[in-house]
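# Reading the structure
Given next are the chains, with one letter for each unit.
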Amino acid sequence: MSFLRWLMRLIYGLLALLCFVAGVYFAADNPDVIAPRLAGFALPEGGVGFWLIGFLLIGLLLGFVASLLPFYAERRRARGLERQLQRLERELHTVRRQVSGD
């Protein structure tokens, strides 16, 4: 199992390195300077590649955060169901004790 974990880390590392190199190449190949406007505010000047990669990373981060919302909602629902199950098990135990005591 340790070898597979090491191999997956190596593959992910190489993939991250490849993405980084592609991003640097993309930024260097698009040297035009622009000053984008976002919601009426002028952002600082920067290369086209820099801004595209930056907004891509921001979009990836926002997408990741948005994908966590259903996960936490289900987790909260599961905790509520666990509390309900514990309450019902205590109630069942109490009823069984009362029946056996009669």
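This text gives an overview of the structure that appears in the document. Every chain is numbered on its own, with residues counted from 1 as its sequence reads. Given that the model is predicted, a residue must reach a pLDDT of at least 70 before its local features are reported, and side-chain atom pairs must reach 80 or more before they are shown or counted; all residues, however, enter totals for whole chains, interfaces and linings. Hydrogens and water are ignored here; the side-chain numbers use all heavy atoms of the structure.

## Concerning the overall build of the protein
We count a stretch as a helix when DSSP gives it H or I for four or more residues in a row; a strand needs E for two or more, and each element gets its number in order from the N terminus. If you tally the helices and strands in the protein, you get two helices and four strands. Seen in sequence order, the protein has helices and strands lined up from the N terminus as α-β-β-β-β-α. Computation of the radius of gyration draws on C-alpha atoms, with the globule rule given as 2.2 Å multiplied by the number of residues to the power 0.38. Taking 2.2 N^0.38 as the reference for a compact globule, 102 residues should give roughly 13 Å; the C-alpha atoms of the protein span a radius of gyration of 27 Å, well beyond that estimate. A principal-axis box enclosing the C-alpha atoms of the protein has dimensions of 90 × 50 × 10 Å. The cut-offs for exposure are 20% and 50% of the maximum accessible area for each residue type, with area from a 1.4 Å probe on protein chains only; residues under the lower value are buried, those over the upper are exposed, and the others partly exposed. In the protein, which comprises 102 residues, the proportion classed as buried is 5%. Two residues qualify as a contact provided that any one of their heavy atoms is within 4.5 Å of a heavy atom in the partner residue. At a minimum sequence separation of 6, the contacts of the protein that also span at least 24 residues come to 12%. Surface accessibility follows the Shrake-Rupley procedure with a 1.4 Å probe radius. Residue values consider only the protein chains on display as shielding. Surface exposure of the protein reaches about 9300 Å², of which carbon and sulfur atoms provide 69%.

## Overview of the layout of surface pockets
Cavities and pockets were defined on a 1 Å grid built over protein atoms only: a cavity is a set of grid points that admits a 1.4 Å probe from which the probe cannot escape, a pocket is an open set flanked by protein on both sides within 12 Å along at least five of seven lines, and lining residues are those with an atom within 4 Å of any such point. Grid points are joined across faces, edges and corners, and a volume is the space filled by probe spheres set on the points. There is about 210 Å³ of room inside the largest pocket. Every residue lining the largest pocket is listed: Ala16, Cys19, Phe20, Gly23, Val24, Ala27, Ile53, Leu56, Leu57 and Leu60. Looking at the lining of the largest pocket, the elements that each hand over two or more residues are α1 (2-29) and α2 (48-101). Residue contributions to the lining of the largest pocket peak at six residues, all from α1. Residue polarity follows a fixed list, in which Ala, Val, Leu, Ile, Met, Phe, Trp, Tyr, Cys and Pro are nonpolar, Asp, Glu, Lys and Arg are charged, and the others, Gly among them, are polar. Considering only residue class, the lining of the largest pocket consists of nine nonpolar, one polar and no charged.

## Considerations on the pattern of salt bridges
Pairing of side chains with opposite charge becomes possible as their charged atoms draw close. Basic side-chain nitrogens of Lys or Arg form a salt bridge, by our definition, when they fall within 4 Å of a carboxyl oxygen of Asp or Glu. Counted by the stated rule, this structure contains one salt bridge. For the salt bridge of Glu74 with Arg77, the shortest nitrogen-to-oxygen distance reads 3.5 Å. Of the two residues, Glu74 and Arg77 are both situated in helix α2; the distance of three residues between them amounts to about one turn of the helix. In this structure Arg77 comes out as exposed when scored by relative accessible area, which is 52%.

Remember that the coordinates give geometry; whether it matters functionally is a separate question.
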